[in-house]
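Residue-level listing of the chains:
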Amino acid sequence: HLLPGPGGDMQWCFSQVKGAIDDDVAEADIISTVEFNQTGELLATGDKGGRNKNQPQFRSEYNVYSTFQSHEPEFDYLKSLEIEEKINKIRWLPQKNAAHFLLSTNDKTIKLWKISERDKRPDGYNLKEDDGRYKDPNSITSLRVPVLIPMDLMVEASPRRVFANAHTYHINSISVNSDNETYLSADDLRINLWHLEITDRSFNIVDIKPANMEDLTEVITAAEFHPLQCNTFVYSSSKGTIRLCDMRNAALCDKHSKLFEEPEDPSNRSFFSEIISSISDVKFSHNGRYMMTRDYLSVKIWDLNMETRPVETYQVHEYLRSKLCSLYENDCIFDKFECCWNGDDSVVMTGSYNNFFRMFDRGQHRDVTLEASRENSKPLQVLKPRKVCAGGKRKKDEISVDSLDFNKKILHTAWHPQDNIIAVATTNNLYIFQDKVN
Amino acid sequence: MGPTLWCTDVAAQRPRGNMFPKGTKRKFSDSGEEAGSNGDQGQAASTSVAAPRTLTSSYSLQRQSLLDMSLIKLQLCHMLVEPNLCRSVLIANTVRQIQEEMTQDGTWQIMTQALAAAQCPSDRLVATEVLCRQTDPATAAQAGQSPKPFSVVGLEEGYHSEEVVMEGEVETEVTMSTLSPVSQQMPSASYLAGPFGMGPCWEEEDEDGDGEDEDDDEEDSEECVSEGEEGDRDHLRADSRTGEQVFGTFEIKHPVPPADPALEELFSDVDPSYYDLDTVLTGMQSSPKMGPYDLLESLSSHGPTTLSSSSTCRSDLNELDHIMEIIVGS
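Residues numbered from 1 in each chain as written. Chains lettered and ligands numbered in written order. Predicted model: local features only at pLDDT ≥ 70, side-chain atom pairs only at ≥ 80, totals over all residues. Heavy atoms only, no water.

- In the annotation of an unreviewed UniProt entry, the entry for chain B reads Cell division cycle associated 4, and the organism field reads Cynoglossus semilaevis.

- Going by the annotation in an unreviewed UniProt entry, the name recorded for chain A is Serine/threonine-protein phosphatase 2A 55 kDa regulatory subunit B, with Cynoglossus semilaevis given as the source organism.
- Quoted verbatim from the Sequence similarities (unreviewed entry) field of the UniProt record, the comment on chain A reads "Belongs to the phosphatase 2A regulatory subunit B family."
- The annotation that UniProt attaches to chain A under Subunit (unreviewed entry) is "PP2A consists of a common heterodimeric core enzyme, composed of a 36 kDa catalytic subunit (subunit C) and a 65 kDa constant regulatory subunit (PR65 or subunit A), that associates with a variety of regulatory subunits." (UniProt positions renumbered as here; feature names shortened; annotations may be inferred.)

Laid out in structure tokens, this is it:
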């Protein structure tokens with residue numbers, strides 16, 4: 001069950017875990033998003049309390065670099081409803097100078113944050129004391145040139161732009177364009193295009209709101225720009241379709257260029273078919289030739305040139321298919337799992353229940369189930385593959401479906417863009433694993 | 001633990017003959033057999049081989065339970081935070097699917113006729129915990145409209161008489177449930193939940209920035225509010241602000257039918273085994289692995305946090321417990 005990689009078999013080892021140890025999870029600490037930056041130097045997490053945490057890598061370890069409150073809870077007076085401060089998505093901008101920029105969004109508002117380091121401070125002002133008080137001009141007898149002196153590293157996060165009031169519905173995705181000037185934000189019914197410099201205007205590029213809300217049967221679930229073609233983006237829906245749009249065709253991209261949809265398997269049809277076909281995440285491969293979608297039970301890889309069906313399908317937890325009614329009753333069937341590619345697009349990863357996560361090696365046609373748990377958290381401890389027993393005799397070390405803990409779900413995972421380092425978020429803990437070879 | 005509506009053992013274990021009002025049993029069996037031989041739907045196909053009457057009845061019962069559960073879900077998403085539109089849409093689509101299938105195999109018509117003929121006692125929970133207001137027959141008749149597909153229709157401020165109207169040839173109205181005396185205590189549940197959390201009035205305000213939603217509401221609203229409910233209306237308006245934001249509801253027209261013990265039987269004994277609901281409704285046929293125990297119970301015996309105890313569930317369950325207490329108490 002080991003995934004072979006360059007230089008032999010890959011073995012995943014525990015590296016670090018962040019977060020509270022006890023089981024009493026504070027609502028605000030629930031991790032809601034995880035994202036590496038383009039170099040992998042920084043790892044950002046967002047939580048339900050609206051906080052962003054950035055961890056830089058130092059000797060293969062990630063430590064807190066900065067923590068800041070990105071969003072505050074708000075109250076929508078018009079609807080008398082609270083707007084959660086939960087961070088739904090974080091996306092890093094490609095680095096252009098010494099500072100780092102990221103976009104962070106809650107349900108309604110996107111913010112651009114600048115994260116910069118300060119390790120020097122000015123000293124020796126003529127008109128000001130060290131503490132900032134102004135000197136009496138009459139007391140100044142000589143002039144000096146202020147100098148910059150070293151200081152302890154301070155990381156500052158400052159909001160540079162606030163993109164607000166453009167979304168009636170809850171934002172589920174943001175995606176930075178490869179042109180580094182624009183980005184899109186998607187809510188349940190609309191997708192807007194922004195310029196990073198302009199906050200008082202956005203262009204609506206997709207609108208699937210029906211004239212009569214009675215007729216609403218489908219919502220947008222995720223959207224992403226193509227990593228290389230700045231005119232292309234995709235969005236997925238609750239009915240299991242993915243639409244690829246070309247912004248050069250029209251200002252309003254309601255008409256798709258391509259529609260990706262797999263015909264339903266009639267032998268599997270049930271009242272839950274639509275719900276489990278709803279796509280919770282869509283991600284382009286790094287090379288831009290494929291895209292991956294996650295629905296409730298599977299991960300599918302699509303060739304952008306073939307709309308009729310995916311080229312690869314991986315079952316994440318097929319043993320849940322017979323439990324769909326229970327999962328509907330306790331709402332687990334609506335859990336939105338994310339998925340991610342590794343750096344060279346050869347392996348994909350997604351989460352599951354019981355703090356399990358799954359990796360699928362596309363080339364080797366092998367897959368593995370691993371677990372993020374405190375019990376397996378000794379330094380450099382190799383993760384043992386896990387197996388779920390769907391029925392019949394349970395072998396030793398297997399877990400039966402009925403013993404799975406459906407409260408322990410891994411919704412967010414991220415893979416370092418170059419190395420075999422992964423970040424896996426359980427409810428309120430962030431686990432970092434790396435390949436032993438590292 | 002989940003709502004007690006769910007717990008029972010499966011069809012094969014006990015006769016289902018008393019589940020349906022007298023006089024309609026045979027009709028249902030026929031239509032049930034028809035549905036069984038239809039075969040193009042996975043679950044029907046899988047049951048057509050075995051004793052058609054028993055299994056099909058069980059399937060219908062479980063389908064009804066799924067319908068009830070879906071309606072409860074749509075209603076119970078009255079939180080301070082806006083409900084999840086995607087989830088609501090998916091649940092509403094599920095309800096529509098069930099309704100379509102029930103309409104096709106004639107079950108819907110039978111059920112509506114039974115309900116129309118029976119009286120829903122004002123203090124009983126019938127079928128679902130969906131609430132509706134009593135309307136007097138005059139205003140109910142007044143509001144008669146052409147049947148529409150089971151869908152969400154705008155809920156306007158102050159309007160709290162609900163009706164479910166069906167598509168096509170089914171002209172009768174369905175009374176899904178009533179719990180009117182209790183509704184005072186549960187202001188947020190006194191409207192049938194609009195799943196999408198946004199009233200057209202609110203959207204217009206967002207988009208156009210003008211405040212003429214009141215007039216728009218009045219044009220669309222059903223004229224089903226009886227005089228006696230003026231006081232209630234204000235109470236509702238104040239308490240059910242989430243109801244106001246609800247752009248759609250499942251409207252239930254309630255013609256105050258007389259009580260019928262058969263009707264009570266129809267809806268009171270809704271508790272299929274959880275496991276079998278899973279297998280039947282997910283179109284898979286496999287031998288029961290857990291016997292008569294329902295899935296939730298067996299899971300909860302394994303550990304503290306399993307299928308049954310998600311935190312989202314808990315608040316819903318508390319509300320359901322509250323509802324059940326009230327029913328049992330009265």
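1. As for the pattern of salt bridges
Thinking step 1. Throughout the structure, instances matching the rule amount to 26 salt bridges over all chains.
Thinking step 2. Between E262(A) and K300(A) there is a salt bridge whose closest N-O contact spans 2.8 Å. Linking E262(A) in the loop between strand 22 (258-260) and helix 1 (273-277) with K300(A) in strand 25 (residues 298-303), this pair joins segments that are 38 residues apart in sequence.
Thinking step 3. In this structure E262(A) comes out as partly exposed when scored by relative accessible area, which is 31%.
Thinking step 4. The salt bridge involving D105(B) is made with R63(B); its shortest N-O contact spans 2.9 Å. In this pair, D105(B) is assigned in the loop between helix 4 (85-104) and helix 5 (107-117) and R63(B) in helix 3 (residues 52-75), connecting sequence segments 42 residues apart. (Salt bridge = Lys/Arg side-chain N within 4 Å of Asp/Glu carboxyl O. Helix = DSSP H or I, 4+ residues; strand = E, 2+ residues; numbered from the N terminus. Buried < 20%, exposed > 50% of the residue type's maximum accessible area, 1.4 Å probe, protein only.)

2. Remarks on unusual backbone geometry
Residues and elements named next belong to chain A.
Thinking step 1. Positive phi, close to 60°, is recorded for N180, a residue that is not glycine.
Thinking step 2. Inspection of the secondary structure puts N180 in the loop between strand 15 (171-176) and strand 16 (182-187).
Thinking step 3. The exposure class of N180 is partly exposed, given its relative accessible area of 26%.
Thinking step 4. In this structure, D397 is a non-glycine residue whose phi angle is positive, near 75°.
Thinking step 5. Relative to the elements of secondary structure, D397 occurs in the loop between strand 31 (387-389) and strand 32 (398-400).

3. Looking at the sheet that holds strand 3 (residues 12-18) of chain A
Residue and element names in this part refer to chain A.
Thinking step 1. Taken in spatial order, the four strands make up an open sheet running 3-35-34-33, and their pairing is antiparallel. In the strand order of this sheet, the two ends are held by strand 3 and strand 33 (412-415), each with one partner. Sheet twist, expressed as the mean angle between neighbouring strand axes with direction ignored, is 20°.
Thinking step 2. Sheet analysis places strand 3 next to strand 35 (residues 430-435), joined by six bridges and oriented antiparallel. Across the sheet, residue Q16 finds its bridge partner in strand 35, namely I432. (Pairing = 2+ DSSP bridges. Axes fitted to C-alpha atoms, helices over the stretch in contact; angles between N-to-C directions.)

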